[in-house]
Structures are given as C-alpha cells and as structure tokens.
Amino acid sequence: MKKLLLLMTVFTTLIACGKKGNSTNVKLKLSNLVSTGTTSFNGGVYLVGHRLDDFQSIAIGLKLDGSDNFFTLEKGDWEFAAIGWSSTVAGVANTGLSGDVRCGYSGVKKFSFDEEQIELTLSKAGCNFQLPTTGERFSALSDLEADYMFKKVNFYSCMQIPAGGVSGSECYGVNNLNSVINVGLSKSYEIVLPGEMELGGNKSFLPGLKTKCINMATDESVRLPTGNGFDSFINLALVSYPEENCVGNPSISDFRSGLRVNSTMPDKKSFFMASDNFDSSRVALYFEHNPNSANNAQVFGNGQDGSSVITTIDANYFANILTLSSNSVTVTSGHGTNILPNDEVMLYITEDDGTCGSGFGQGRFVFNRIASKSGDSFTFFKSINEVFGTTPNISSSACSVQMLKVFNYKGISLSGSTPIVAAAYDETNKIGGVIAIRVRDNLQMNFDGNGATIDSYAKGFYTISGQSKCSSTLSQCAPFGDGNGTFAGGGAIYLSARSIITDNGSGLHFIKADEGGTGATKGSARVRLNYASIGTNDSIFVNGNPSFSDIRYCNDSSSSLSLRTAVDGTAGDGLIQTPSLCY
C-alpha cells in the first residue's frame, strides 16, 4: 500500500475534482465491530484507502452511529484498511484512540459499477496483518501484545535526542527511569489522525480522529499503530504543547511513515524504544521539543527548575559575552559556571553608546536556550538574529552584552526571609543587576513580619556609566538606573508568572528595582501575569522607572479582582488596575 500524504495544512483549502462519469458511489459496511464488554467503538474508526495507481486516496475518522457510510470514489482497483477503538478505559468511555483495538484489511477490490459495497471485518488478529508484497503492516510484531492488540505508547518530550538514543535524563515524562524529569518543553499532547481526500493531486479535508488532551505528568497512554520501521498503513501527527491541558503554541510532528521512523517535519527528531521500563505491554516514543521545533517560547516557563528558590542570584549565573555569532557565544573565562545545557538564558544589552550595531540598544534583550557548553563557549538551539539583527561590535568599550540564566520555576513561595535578590552590577566585569524569572504556576507572596520581595534594589550602575554611554539618538537609555558615586541606581527585573497570590495578611509585597538613594535613578521592572489574587490587607507594589517599565496584567474577566497600587509616588508605579492582554 503506497503512502497517503496526509499533510497538516491549516489555512489551505484544496477542492478535489475527479473525472466526470467515472465515479462510483461506495457504500461502506463495517462488520464485527462489537468487542468483549462493549457495544460499539465509541473511540471511532479510522479508515484509509487508495486506488492502486494512487490517483485517489481517502483517510477519514468515522463516528459510528449505526448507519452506513457513503463515499464517491473513482472506479478502479482499491484496497482499504481500518482500525477501531472501544474507548472504554477503567470504565471511562469516549476517550478517543484508547481501549480495546480491532483492525481489518479489505484486500484488493475492483470497482466497476455505479454502486459498490465494501465490507471490513475488524478483529484483534487483523492488527497483525502484513502485506505480502511490501511487508507493510499496522505495527511491528514486537509492538503487539500476545493477542495482537497494539501495545500502549507513552510519549516523552526531550530537549535533544542524543546520538544513539536517549538515557532518559534529557527528557520529560512520568516513569521515565522511574522519575519525572523537567527538561523537554512539552507538557501535554494530542495524537491526531487527520482526514482528507486526495484526487488527482488535489486535496480536500475530511473529519479525522484525535485523542483527548494528555498531560505528560500523568501516567496515561494510548494504543496506536507504530509501523514497522520503514512504512506504515496509518499516518499520524503528534501535536505537543508547552503548557498542561494543551495550552500554548503547539508544535506539530508528522509521522507519515509510522512512529518507528523520524518525523518528516524539519527539526522534529524522535527515538522509538520498543521496550520500556514500564512493562511488556508498553513502548516509548521520545521526541524533540526545543526552541528549534517550537513556534514560540512559553510565556510562563516549563518549570524545569522546580520549586526550590535560589534566594541570592550570584555572579555564577551571569556571563560577560566576548564574542557573539548568530547561535553561539564565547564568554569571559570563569563566567557562567552555573549556566548549563538546556537552561533558558537572557542576552541583555547592558551598555551601548550607539556603536553596538543595527538592531541593538541598551536594555534590549532576547531569550534562548543552551544546546551545549564547552569551557567558555555556549551554543544555542536557535539563532538570535531573529531579534537582534546584525552581530554587534561588542569589542567596543561602550558596547557590552551579558548572558544570564532565566529561572523556570514550577511554583514558588516567597516571604521576607526568602527574597529573591540579584547580584549587583559589576561595572568592571559587566555582569549582574538583572533578574529573569518565569513561574509556570503560582507565585505565592507571604508576610512573615516583612513583605516578600523580588529585588534588584540598588543593583544597577554605581557611577553615571549608563547615561554617559547612552546615545543621544536613543529615546530611552539603559533600563538600569545610574548611580552618582554615592548611591547605586536600580537594576532590572523581568517576571512572568501565571498568577500572583498573597496570604491575606497585613503586609506589603514588592517587586522592586528602586535606586539606592537621592541622586541615583530607578531601574525597571517588567511584569507579566495572568491572574492576581490579592488579600484584603495586602498590597503588591511594582517599583521602577515608569518610563522603562513594561507592566502588564491579565485577568480572567470572570474572576474577582482586589488589587492595591502604590500610594507613594516615589515608590514607582503599581500593577495597573485595568487588565490588558499580555500574550
């Protein structure tokens, strides 16, 4: 059976136009659809078929309601294959592509008359069918259980697929080496069996089938055909998401030749493991989801750094960049010792008098992830030119770029005794002064006699270095604040959290980038969140220079809002009262 090219095209509609007078109405009758303990295949039936010369092909997901199905197909020699799922799992019905599985193959059918009929008998043994001429089959024999049902497939999100396979430490998923690893960018996924009709090279879309959304932090799996290492009856697509519950920008991997063969889409590598450490009834598919394969970075992070807070972000999380290419950097020797492969980083332009180059400017930044590290050299997954433009002239004495780790927390709890504090900016080594944090779930701010803080207070320039190197052509100078030799200016904060929650105590909580004293200037705070739950007696103040702040707050319109802003003008601007769209 030759391949059906089932491309996942969203915005293109192709109208099938066949040869007039040469079509036949085919009535499809699926037999033997009742499996033990079920009355029907509530998970649906997926049917594929093609004329042997591949002039026309069909793939369609059928939700069976007891009625026959009719198609208009070209006359000629045809063959069909189908899979049906019972969808009953532990008493839960209508979970697509799960439960008991039955398969069937029609053999070659000649359509000569204006009306024809095909019958398919679906059985467990049918899942072991193999075409005698090409060797194609639904799944390799080792991917079938003793009764010929498909083994369950568990999916793991990996930042990279190393040469020769995976050890498990590079990937995310439950029970992978008996633990949950927070590395790959996917946190949930759907499996899609797309539907379409192709006729003479033109395509039109038909209904398909898909699973429910599956969170990778849960021990769930689905029974899927895997192919046999070079081809497969069934083509499927993996749609993975950076957030749980299939939220965020999806990344699609198209497995046209089965799960045992790499995805046909660029930068979508995979590794199939026929036996996993679960049990003999499961197989594993490890797939890459890194910045190369992702459409956009997830706003609230992937939580790979857990929930244990690093309270003092010391100089080892920063590196001064000496040379910068489109996808790699060399840093000052000994810098960035705590920046590791798979970490997210921010490249931050700390100083620029206008000589850095096109697309640059003080305070501009871009996010990336570290693919590999060798000594003082770091390689990124993705080119930075998409944001920065040309490579900067960082050899200039007035053009400095630093790289810092972006902490991706699951959910964190802060109090006065556990603040997050940035390292002060080191004007000699040109590192520090910046905090970059993503919180995938909740940022809890507690009052224990002192308010919880995220703090770059007085972590900016100690001298007037920033403004003196700021080009007069720039409308905004460094988001770092300048000092006056006595007091340091404020640093910079980038915070993105799904929600900020306070304890309803009687405290003030601060996200502060204030200056150290009179004569110095404020830094900046950029805050993006989806929801804030502020206790009656609590206040959250966001402190920083309003000219440089990008403070955005999103709120579900159905949720109540109790939010307090700063009343002291010297404290900077508070979270805005009117919700605005963040992403």
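As a starting point, this report considers the structure included with it. This is a predicted model, so every value here is computed, not measured. (Residues numbered from 1 in each chain as written. Predicted model: local features only at pLDDT ≥ 70, side-chain atom pairs only at ≥ 80, totals over all residues. Heavy atoms only, no water.)

Next up on the list: the overall build of the chain. Counting secondary structure elements, the chain contains 2 helices and 33 strands. Among the 583 residues that make up the chain, the fraction classed as buried is 55%. Restricting to contacts in the chain with at least 6 residues of sequence separation, those with at least 24 account for 72%. With the model as given, the accessible surface of the chain reaches about 22800 Å², and the carbon-plus-sulfur share is 50%. (Helix = DSSP H or I, 4+ residues; strand = E, 2+ residues; numbered from the N terminus. Buried < 20%, exposed > 50% of the residue type's maximum accessible area, 1.4 Å probe, protein only. Contact = heavy atoms within 4.5 Å. Areas by Shrake-Rupley, 256 points an atom, 1.4 Å probe, with all protein chains shown as cover.)

Right, let's get into the packing of aromatic side chains. If you walk through the whole model with that rule in mind, you get 21 aromatic pairs. Taking the centre distance of 4.4 Å and the plane angle of 20 degrees together, the rings of tyrosine 105 and phenylalanine 129 count as stacked. Note that tyrosine 105 is positioned in strand 6 (residues 101–111) and phenylalanine 129 in the loop between strand 7 (115–121) and strand 8 (152–158), a separation of 24 residues in sequence. On the accessibility criterion, tyrosine 105 (22% relative accessible area) is partly exposed. Relative to phenylalanine 480, the ring of phenylalanine 461 has its centre 5.6 Å away and its plane inclined at 70 degrees; by these criteria the two rings are edge-to-face. Note that phenylalanine 461 is positioned in the loop between strand 28 (453–455) and helix 2 (465–468) and phenylalanine 480 in the loop between helix 2 and strand 29 (492–502), a separation of 19 residues in sequence. Among the residues examined, phenylalanine 461 registers a relative accessible area of 0% and is labelled buried. (Phe/Tyr/Trp six-rings, centres within 6.5 Å; stacked < 30°, edge-to-face > 60°.)

With that out of the way, let us pick up the sheet that holds strand 26 (residues 420–422). The strands making up a sheet are joined through hydrogen bonds of the backbone, oriented either antiparallel or parallel. Taken in spatial order, the 5 strands of this open sheet run 18-26-28-30-32, and their pairing is parallel. Looking at which strands have only one partner, the edges of the open sheet turn out to be strand 18 (312–313) and strand 32 (539–543). The pairing of strand 28 with strand 30 (residues 508–512) spans 3 bridges and is classified as parallel. For aspartate 455, the partnering residue across the bridge sits in strand 30 and is lysine 512. (Pairing = 2+ DSSP bridges.)

A few words now on the pattern of salt bridges. According to the stated counting rule, one finds 16 salt bridges in the structure shown. Residue aspartate 305 pairs with lysine 405 through a salt bridge whose shortest N-O separation is 3.2 Å. In this pair, aspartate 305 is assigned in the loop between strand 17 (282–288) and strand 18 and lysine 405 in strand 24 (residues 399–409), connecting sequence segments 100 residues apart. Across the pair lysine 522 and glutamate 515 runs a salt bridge, and its minimum N-O distance is 3.4 Å. Bridged by salt links that share partners, the residues Asp305, Asp343 and Lys405 form one connected network. (Salt bridge = Lys/Arg side-chain N within 4 Å of Asp/Glu carboxyl O.)

Let us look at the state of the cysteines. Counting across every chain of the model gives 3 disulfides. With a sulfur-sulfur separation of 2.2 Å, cysteine 213 is cross-linked through a disulfide to cysteine 246. Taking the torsion about the S-S bond as the criterion, the cysteine 213 to cysteine 246 disulfide, at about 105 degrees, is right-handed. With cysteine 213 in the loop between strand 11 (202–210) and strand 12 (214–215) and cysteine 246 in the loop between strand 14 (236–241) and strand 15 (251–255), this residue pair connects regions lying 33 residues apart in the sequence. Across the disulfide from cysteine 356 sits cysteine 399; the S-S distance is 1.9 Å. Between cysteine 356 and cysteine 399, the S-S torsion sits near 115 degrees, and that sign places the bridge as right-handed. (Disulfide = S-S within 2.5 Å.)

Purely geometric numbers; function is a separate question.
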